[in-house]
Amino acid sequence: MTSTTFYAHETRYTTGAEVESPPSPQERDSYSDTKSEIVQTTDEGDVEKTANPENSPDSDAPPDGGLAAWLVIFGCACGGFATFGFANAFGVFQAYYQDRIPGATQSTIAWIGSLQYCLIFLPALPSGHMTDRGWLKIPLLIGSIVLVAATFLIAECTQLWQLILCQGFAIGGASSFVYPPSLAVVPQWFDKRRGRAYGALAMGSAIGGTTLPIMVRKLLDSVGFEWTVRILGFLFLGLLTIFNILVRARPTHHKHEIPKTSLASLFKNGPYMFYTAAITVIWLGMYAPFGFFDVYAQSIGVPPSKSFYTIVAMNGASGIGRLSGGFWAEQFGSMNVLILFCSVAATTALCWP
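Read on for an overview of the structure. No experiment lies behind these values; they were computed from the predicted model shown. The residue numbering used here restarts from 1 in each chain and proceeds along that chain's sequence as written. Note on the predicted model: pLDDT of at least 70 is required for a residue's local features to be given, and 80 or more for side-chain atom pairs to be given and counted; whole-chain, interface and lining totals, by contrast, use all residues. Hydrogens and water molecules were not included; the side-chain quantities draw on all heavy atoms of the structure.

### Concerning the overall build of the chain
Note the following rule: Counting from the N terminus, the helices are DSSP H or I runs at least four residues long and the strands are E runs at least two residues long. Only protein chains enter the calculation, and the probe is 1.4 Å; a residue is then buried if its accessible area is under 20% of its type maximum, exposed if over 50%, and partly exposed in between. Contact criterion: two residues are considered in contact whenever any of their non-hydrogen atoms come within 4.5 Å of each other.
Regarding its fold elements, the chain presents 17 helices and four strands. Expressed as a percentage of its 353 residues, the buried residues of the chain come to 39%. Across the chain, every contact between residues at least 6 apart in sequence was considered, and the portion connecting residues at least 24 apart equals 74%.

Pasting the structure below:
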């Protein structure tokens, strides 16, 4: 007679004599530690070993590292540089447009940066749906082409409405087909190290927000507005080319069915809606200062040649927080880290005026 006993990740077949003497706790621990094979013992004493599905090459578990996984993160960081990094550097454009566009006020120019930020996530439903359907490369390519083309078109803009269309609607909308799908790829490659992976990914936007203000300010003085924007277009073309080459979904050996969840059911999910509302409020307050630090610095007497360094300092500090926040989230929990630093950011914002 042969019986079957299950231990963690091991299936062990035992004879009737073995059933009469249950394993000791030490033996159970040793069984739990044996994750690489399935042992089958027949009545004749033959032993058959097969690889554990979790550790086999056919496993769909995320690798949690390796060259391929980190290359995907590097590609995502390049996309973050060209999307969120560009948006984080809008403060230098805010100050420049006030002098370039006759009759434009701070509030009207702020529509450009507001739309650019807003549209990074607002149209993410179609791009997210395409990603869920397995068409990851389609939204990435569409967004990249539109973003680069719109960047070059900014050089031809001379009126406020043209800048709103190109830098606000076009670049913001294109970013929603680049940045959110790249976030959805990370869980396919990382599980236990997902926090640090997201932290490394977010460094792309921090580096963009740190380097682009310096680059734009220096180029404006040397080559003028038109060629400054064209140089940005060529830079984004290179970064998004790397992005489209490296970012890919992880191939799996089993077909995963997409759960059919209606939007109505999401609105009935209390914890989900509460979390979404909280994140919305956080984002409403978190990025507002990014567009006005340069202008505010000039209003208190800082010369324009140095005022943009406030944006550089802010994005540089955010880079430290993005990277370390990923590690801390793994150690202390994502929500605990989020609540702590949102409280610090809110307190700092209230002390700013």
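### A short note on the nonpolar core
Filter applied, for reference: Side-chain atoms within 4.5 Å link the members of a nonpolar core, which is a set of buried Ala, Val, Leu, Ile, Met, Phe, Trp, Tyr and Cys residues.
By size, the foremost hydrophobic cluster in this structure holds 61 residues, and its most contacted members are Phe86, Phe93, Tyr97, Ile154 and Phe236. A per-element tally of this core places helix H3 (residues 67-88) first, with ten residues. The residues touching Tyr97, leaving out its near neighbours within four places in the chain, are Phe90, Ile109, Ile112, Ile154, Leu163, Gln167 and Phe225.

### Description of unusual backbone geometry
Even without a glycine there, the phi angle at Asp64 is positive, about 60°. In this fold, Asp64 is placed in the loop between strand S4 (47-51) and H3.

### Section: a nonpolar patch on the surface
Quick reminder of the rule: For patch detection, residues must exceed 30% relative accessible area and be free of salt bridges, and they are connected within 9 Å for like charges or within 5 Å for nonpolar side chains (Val, Leu, Ile, Met, Phe, Trp, Tyr). For the accessible areas, the method is Shrake-Rupley and the probe is 1.4 Å, while residue cover comes only from the protein chains on display. A pairing counts as a salt bridge when a side-chain nitrogen of Lys or Arg comes within 4 Å of a carboxyl oxygen of Asp or Glu.
Taken together, the side chains of Leu323, Phe327, Trp328, Phe332, Leu340, Phe341 and Val344 present a nonpolar region at the surface, about 670 Å² in accessible area. Secondary-structure elements contributing two or more residues to the nonpolar patch are helix H16 (309-332) and helix H17 (334-351). Per element, the largest residue contribution to the nonpolar patch is four residues, and it comes from H16. Examined against the element boundaries, Trp328 turns out to sit in helix H16. Here Trp328 falls in the partly exposed class, since its relative accessible area comes to 37%.

### Observations concerning the packing of helix H10 (residues 194-222) against helix H11 (residues 224-246)
Put simply, the rule is: Axis lines are fitted to C-alpha atoms, over the contacting stretch for helices. Their N-to-C directions set the angle, which ranges from 0 to 180 degrees. Throughout, the term roughly parallel applies to angles under 35 degrees, roughly antiparallel to angles over 145, roughly perpendicular to angles from 65 to 115, and oblique to all others. Should the near helix be turned anticlockwise from the far one by less than a right angle, the crossing is termed left-handed; should it be turned clockwise, right-handed.
Where H10 contacts H11, the two axes come as close as 7 Å, and the packing angle between them is 140°. The angle between the axes of H10 and H11 places the two elements in the oblique class. By crossing handedness, the relation of H10 to H11 is classed as right-handed. Listed contacts from H11 to Leu212, Met215, Val216, Leu219, Leu220 and Ser222 of H10 are Gly224, Phe225, Thr228, Ile231, Leu232, Leu235 and Phe236.

### Brief notes about the packing of aromatic side chains
Stated precisely, the cut-off is as follows: Only Phe, Tyr and Trp rings take part, Trp by its six-membered ring, and two of them pair if their centres are within 6.5 Å. Stacked means planes under 30 degrees apart, edge-to-face means over 60, and tilted covers everything else. Whether a charge sits over a ring comes down to the Lys NZ or Arg CZ being within 6 Å of the ring centre and within 35 degrees of the ring normal.
With the rule as written, the count across this model stands at 15 aromatic pairs. With a centroid separation of 5.5 Å and 10° between ring planes, the pair formed by Tyr96 and Phe225 is classed as stacked. Of this pair, Tyr96 sits in helix H4 (residues 90-100) while Phe225 sits in helix H11; the two residues are 129 residues apart in sequence, bridging distant segments of the chain. A relative accessible area of 22% means that Tyr96 is categorised as partly exposed. Seen from their ring centres, Phe152 and Phe234 are 5.0 Å apart, and the 80° between their planes marks the pair as edge-to-face. Taken together, the residues Phe152 in helix H7 (residues 137-154) and Phe234 in helix H11 connect sequence positions 82 residues apart. One aromatic cluster is present, built from ring pairs that chain together Phe86, Phe93, Tyr96, Tyr97, Phe225 and Phe236. We note Arg230 situated over the ring of Trp227; from NZ or CZ to the ring centre the distance is 5.0 Å.

### Brief notes about the side chain of Asn244
Where we set the bar: Throughout this description, a polar contact denotes any pair of N or O atoms lying within 3.5 Å of each other; where both atoms belong to protein, one of them has to be capable of donating a hydrogen while the other can accept it, and for residues adjacent in sequence the pair is counted only when both atoms sit in side chains.
Tracing the sequence through the fold places Asn244 in helix H11. A distance of 2.9 Å separates the side chain of Asn244 from the side chain of Ser144, its partner in a polar contact. Not counting chain neighbours up to four residues away, the residues in contact with Asn244 comprise Lys137, Leu140, Leu141 and Ser144.

### A few points about the packing of H4 against H10
Just so we agree on the cut-off: Under the grouping applied here, Gly and all other residues not named as nonpolar or charged are polar, the nonpolar ones being Ala, Val, Leu, Ile, Met, Phe, Trp, Tyr, Cys and Pro and the charged ones Asp, Glu, Lys and Arg.
It is at 8 Å that the axes of H4 and H10 come closest, and there the two elements cross at 30°. Between H4 and H10, the angle is such that the two are roughly parallel. Crossing of H4 over H10 shows right-handed handedness. When H4 is examined against H10, the residues Val92, Phe93, Ala95 and Tyr96 are found in contact with a partner set consisting of Pro213, Val216, Arg217 and Leu220. When grouped by side-chain class, the residues that make up the contact of H4 with H10 number seven nonpolar, no polar and one charged.

### Some details on the pattern of salt bridges
Summed over all chains, the structure comprises four salt bridges. Between Glu226 and Arg100 there is a salt bridge, with the nearest N and O atoms lying 3.8 Å from each other. On the criterion of sequence distance, the pair formed by Glu226 in helix H11 and Arg100 in helix H4 is long-range, its members being 126 residues apart. With a shortest N-O distance of 2.8 Å, Glu330 and Arg196 are connected by a salt bridge. Of this pair, Glu330 sits in helix H16 while Arg196 sits in helix H10; the two residues are 134 residues apart in sequence, bridging distant segments of the chain. Overall, Glu330 belongs to the partly exposed group, its relative accessible area being 26%. Of the residues examined, Arg196 reaches a relative accessible area of 23% and is grouped as partly exposed.

### As for H3
What counts, and what does not: A helix is expected to span 1.5 Å for every residue after the first. Fitting axes to the seven residues ending at a residue and to the seven starting there, one defines the bend at that residue as the angle between these axes.
Across its 22 residues, H3 extends 29 Å between first and last C-alpha, which sits within 8% of the 32 Å expected from 1.5 Å per residue. Along H3, the sharpest kink reaches roughly 35°, centred on Gly80. Burial of H3 is extensive: 17 of the 22 residues sit out of reach of the surface.

### Remarks on the side chain of Ser144
Position of Ser144 among the secondary structure elements: in helix H7. At a separation of 2.7 Å, a polar atom in the side chain of Ser144 contacts the main-chain carbonyl oxygen of Leu140. When residues no more than four places from it in sequence are discounted, the contact partners of Ser144 are Val178, Leu240, Phe243 and Asn244.

The analysis is restricted to geometry; functional conclusions fall outside its scope.
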